[in-house]
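Reading the structure
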Amino acid sequence: MPSPAPVQSNFIRDIMIADRESNKYGGVVRTRFPPEPNGYLHLGHAKSICLNFGLAAEFGGTTNLRFDDTNPEKEEQEYVDSIIDNVRWLGFQWDKMLFASDYFEPIYQWAVQLIRAGQAYVCDLNAEEVRQYRGTLVDGGKHSPYRDRSVEENLDLLARMRAGEFPDGSRTVRAKIDMGSPNLNLRDPVMYRILHATHHRTGDDWCIYPMYDYAHGQSDSIEGITHSICTLEFEDHRPLYDWFVDQLGIHHPQQIEFDRLNLTYTLLSKRKLLQLVNDGHVRGWDDPRMPTLSGIRRRGYTPEAMRSFCGAIGVGKTNGTIELGLLEHHVREDLNKRVNRVMAVLRPLKVVIENYPDDLVEELPAVNNPEDESAGSRTVPFSKVLYIEQDDFREVPPKQFYRLSPGKEVRLRWGFFITCTGVVKNDAGEVVELRATYDPATRGGNSPDGRKVKATIHWVSAAHALEAEVRLYETLFSKENPNQVEEGGNFLDNINPNSLEVLSGCKLEPALATAKPGDRVQFERLGYFCCDLDSTEGALVFNRTVALKDSWAKIEKREKGK
RNA sequence: UGGGACGUCGUCUAACGGUAAGACUGCAGACUCUGGAUCUGCGUAUCGGGGUUCGAAUCCCUGCGUCCCAGCCA
């Protein structure tokens, strides 16, 4: 099983090392990844997955995949399926796949035990009353009038709650802790609520469901988890986590909290991602603009890149925000060494080589991946009429532009040197075609007289070109922090209207004829692309995974800014 | 204004009382049949104020700032 590389020290790892040395859990490390199946996994979960699985693997331990499915109103089988698929894709293998709902019976029996011990009671207050009795951040709460019911009455009511005698919201089971605690979680927290809802796994077996706080620690305990890793917002819940397992006298895992991932230009909130999907701002959970694992996968990100990113960002307790550029760096780094190069023209400009024979076609050898000799080579057809990128020609070249312009010579990648001899314009004065001559002696890309050209540009033979649709993506949000909004606004106001640009009529070299959905490739000088699910044999569709670093674009931007 | 946590280059992370380090970004250069990749160089940080100590990012006090908590969500 892969571990996020490079292995970097972090405070949780330090705790595990100390625990191993003190023999705290008999030297064992057992973790769990506990998603709620109420949405798709995203980049933030990837961090948690790499942490939990990576650390356990490093210490020779195991990790369970446990679904935290205690709220039937929000959870669905579709989400369970996607989560299983995503964890596998990331490259991790769990020891056991489990569900909190597997433990509903023991969890119920523990409630009986707590009631018998006088540590829990059935409360008849409704939701609004519970809130009022709870008090505020500054003032303590007051006791529920039902707090001192007899054990017998509590037991009877609990059994009748389970039996379905009471309507939703009419009663709860609460732990009897401390209504005066400055930690609101300890002010007699609700353990069970009545919910006449069909659960995705237990169906209608239950109409009372345990709350997270009452279910999570005990589930960990049952599985013999040693290090229960969760995010910072649960810090205030740890005393409650500890309280339940201590009162019950069962195996006591330790809860450790770390900082959740934040990424610039990105939202990592299941609730908001769900809204983007439901309101149709994206094409679905797996839209390549989404930060979901399904989305980035479709976009062309690799599990290897994700793991190395998660290893690089580190783990701590500070609430920071990672720059998107770091993620992209890891994606490029991985794709650079493993993916084949190919030529594609996204915005075609026709070039006629006037001195090239009308019917001649030459097959020119091209290296597939200069970073990987074993990737071999292929040939690309060259003929009289070609397409080049519109961006690679300027009638009036700006400073430092050394691609094609009238009278200038450039190299066609793996092809010949050509010199632009003329420009054809339409009635609107736009350049629609170029005329050029080629130097037959430069076949393959080198001139025998040793003369140099400043630029090499990509091209596709018109007669042999494959047509394709190419989808270019920008960030889904135009603000670094999508949550930063004007008074009264919301994150939807920050949606980037240019996040998707669909280009049709793109020209690809024939080697791409056999491309299948999921295939990754570099379009030379443009970026890394991934064949999309929507692709069919005759109609190829590619997603831009990430652009190549573009120093010309940087220069151009700087010049314009002057 | 109660409680919990956190403050180290622009960003993220390390240094565990002993020369503040790395990655990303930025800038400059080398090289190049991708203005890609690669390589080299440069730059910027311990939240403020006190203290303890031969010596403090690290320990203590104090101030300031940021985040989380009043779901029958997780």
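What counts, and where the lines are drawn
- Residues numbered from 1 in each chain as written.
- Chains lettered and ligands numbered in written order.
- Predicted model: local features only at pLDDT ≥ 70, side-chain atom pairs only at ≥ 80, totals over all residues.
- Heavy atoms only, no water.
- Helix = DSSP H or I, 4+ residues; strand = E, 2+ residues; numbered from the N terminus.
- Rg over C-alpha atoms; globule rule 2.2 N^0.38 Å.
- Buried < 20%, exposed > 50% of the residue type's maximum accessible area, 1.4 Å probe, protein only.
- Contact = heavy atoms within 4.5 Å.
- Lys, Arg positive; Asp, Glu negative; His and termini not counted.
- Charge placed at Lys NZ, Arg CZ, Asp CG, Glu CD.
- Expected span 1.5 Å × (residues − 1).
- Core = buried A, V, L, I, M, F, W, Y, C linked by side-chain atoms within 4.5 Å.
- Axes fitted to C-alpha atoms, helices over the stretch in contact; angles between N-to-C directions.
- Parallel < 35°, antiparallel > 145°, perpendicular 65-115°, else oblique.
- Nonpolar A, V, L, I, M, F, W, Y, C, P; charged D, E, K, R; others polar.
- Pairing = 2+ DSSP bridges.
- Near = heavy atom within 4 Å.
- Polar contact = N/O pair within 3.5 Å; in protein donor to acceptor, adjacent residues only side chain to side chain.
- Right-handed = clockwise from strand over helix to strand, strands pointing away.
- Phe/Tyr/Trp six-rings, centres within 6.5 Å; stacked < 30°, edge-to-face > 60°.
- Lys NZ or Arg CZ within 6 Å of the ring centre and 35° of its normal.
- 1 Å grid on protein atoms, 1.4 Å probe; cavity = no way out; pocket = protein on both sides within 12 Å on 5 of 7 lines; lining within 4 Å.
- Points joined across faces, edges and corners; volume = space filled by probe spheres on them.

Below, the discussion takes up the overall build of chain A. What chain A contains, in helices and strands, is 13 helices and 25 strands. Scaling as 2.2 N^0.38, a compact globule of 562 residues should have a C-alpha radius of gyration of about 24 Å, whereas chain A reaches 31 Å, well beyond that. Going through the 562 residues of chain A one by one, you find that 52% of them count as buried. Within chain A, contacts between residues at least 6 apart in sequence are counted, and of these 71% link residues at least 24 apart. Separation between the mean location of the 69 positive side-chain charges and that of the 83 negative ones in chain A comes to 4 Å.

Between the first and last C-alpha of helix H3 (residues 77-90) there are 20 Å, a value that for 14 residues agrees with the 20 Å anticipated at 1.5 Å per step. Turning to H3, its buried residues number three or more, namely Tyr79, Val80, Ser82, Ile83, Ile84, Asn86, Val87, Trp89 and Leu90. Positive phi appears at glycine 91, one or two residues downstream of H3, with a value of about 105 degrees.

With that out of the way, let us pick up the nonpolar core. Ranked by internal contacts, the top residues of the largest apolar core, which has 37 residues, are Leu43, Val87, Met306, Phe309 and Leu327. Mapped by element, the contributors of at least two residues to this core are helix H2 (43-58), strand E2 (62-67), H3, helix H10 (293-299), helix H11 (303-313) and helix H12 (324-338). Broken down by element, this core gets its largest block of residues, six residues, from H3. If sequence neighbours within four positions are ignored, valine 87 has contacts with Phe33, Leu41, Ile49, Phe53, Leu65, Phe92 and Trp94. Membership of the second largest hydrophobic core comes to 32 residues, among which are Leu98, Phe166, Val173 and Phe244.

Glancing now at the packing of H2 against H11. Taken N-terminus to C-terminus, the directions of H2 and H11 make an angle of 75 degrees; their axes are 9 Å apart at the nearest point. For the element pair H2 / H11, the angle class is roughly perpendicular. Along the contact surface, H2 presents Leu43, Ala46, Lys47 and Cys50, while H11 presents Met306, Arg307, Cys310 and Ile313. Along the lines of polarity and charge, the residues of the contact of H2 with H11 split into six nonpolar, no polar and two charged.

Glancing now at the sheet that holds strand E4 (residues 120-123). Strand order across the open sheet formed by four strands is E4-E5-E6-E7, with antiparallel pairing between neighbours. Looking at which strands have only one partner, the edges of the open sheet turn out to be E4 and strand E7 (208-210). Neighbouring strand axes in the sheet, compared pairwise and without regard to direction, differ in orientation by 20 degrees on average. Both E4 and strand E5 (residues 172-175) contribute to a ladder of four bridges, which runs antiparallel. Following the sheet pairing, cysteine 123 is matched in E5 by threonine 172.

Before going further, it helps to spend a moment on the environment of aspartate 19. Tracing the chain through its elements places aspartate 19 in helix H1 (residues 11-21). A relative accessible area of 10% places aspartate 19 in the buried class. Expressed as a C-alpha distance, the spacing of aspartate 19 and threonine 226, which sit 207 residues apart in the sequence, is 9.7 Å. Once you skip the residues sitting within four places of it in the chain, aspartate 19 turns out to touch Lys24, Tyr25, His227 and Gln254.

Near RNA strand B there are 70 residues, and of these Gln8, Arg341, Arg403, Arg411 and Gly444 occur at the shortest range. Expressed as a percentage, the sugar and phosphate content of the atoms of RNA strand B within 4 Å of the protein is 65%. Interatomic distance of 2.7 Å between a side-chain N/O atom of aspartate 236 and a base nitrogen of RNA strand B. At a separation of 3.4 Å, a sugar or linking oxygen of RNA strand B approaches a polar side-chain atom of glutamate 524. Contributions of two or more residues to the surface near RNA strand B are made by helix H5 (127-134), strand E6 (190-194), H12 and helix H13 (551-561). Per element, the largest residue contribution to the surface near RNA strand B is five residues, and it comes from H13. Broken down by class, the residue content of the surface near RNA strand B amounts to 22 nonpolar, 24 polar and 24 charged.

For strand E8 (residues 227-231), the buried fraction is high: five of the five residues fall into the buried class. The two faces of E8 match: His227, Ile229 and Thr231 on one face and Ser228 and Cys230 on the other face are all buried. Sheet topology note: the E8/strand E9 (residues 254-258) ladder contains five bridges and is parallel. The partner of cysteine 230 across the bridge, within E9, is glutamate 257. Note that the unit made of E8, helix H8 (residues 238-248) and E9 has a crossover that is right-handed.

Per the counting criterion, the structure on display carries 22 aromatic pairs. A ring pair is formed by tyrosine 79 and tryptophan 285, whose centres lie 6.1 Å apart and whose planes are at 80 degrees; its orientation type is edge-to-face. Pair noted here: tyrosine 79 is in helix H3 and tryptophan 285 is in the loop between helix H9 (270-278) and H10, with a separation of 206 residues, a long-range link. With respect to burial, tyrosine 79 and tryptophan 285 carry one shared label: buried. Between phenylalanine 401 and tryptophan 552, the ring centres sit 5.6 Å apart and the planes meet at 70 degrees, which makes this aromatic pair edge-to-face. Of this pair, phenylalanine 401 sits in the loop between strand E15 (385-389) and strand E16 (409-412) while tryptophan 552 sits in helix H13, and the two are 151 residues apart along the sequence. For tryptophan 552, a relative accessible area of 13% corresponds to the buried category. Note that lysine 454 overlies the ring of tyrosine 402, its terminal NZ or CZ placed 5.0 Å from the centroid.

With that settled, the discussion passes to the layout of surface pockets. The computed volume of the second largest pocket comes to approximately 1100 Å³. In this structure, the second largest pocket is lined by 36 residues; those nearest its centre are Glu36, His45, Glu233, Phe234 and Lys270. When contributions to the lining of the second largest pocket are tallied by element, the ones reaching two or more residues are strand E1 (30-33), H2, helix H7 (212-223), E8 and H9. Broken down by class, the residue content of the lining of the second largest pocket amounts to 13 nonpolar, eleven polar and twelve charged.

What follows deals with the side chain of arginine 187. Here arginine 187 shows up in the loop between E5 and E6. Here the side chain of arginine 187 touches serine 181 through a polar contact of 2.3 Å, landing on its backbone oxygen.

For strand E12 (residues 348-353) and strand E18 (residues 431-439), the ladder comprises four bridges, and the chain directions are parallel. By the bridge assignment for E18, valine 351 is matched with leucine 434. Relative to E18, strand E17 (residues 417-425) runs antiparallel, the two sharing eight bridges. What sits directly across from lysine 425, in E18, is valine 431. Between the end of E17 and the start of E18, which pair antiparallel, lie five residues, with glycine 429 showing a positive phi angle near 85 degrees.

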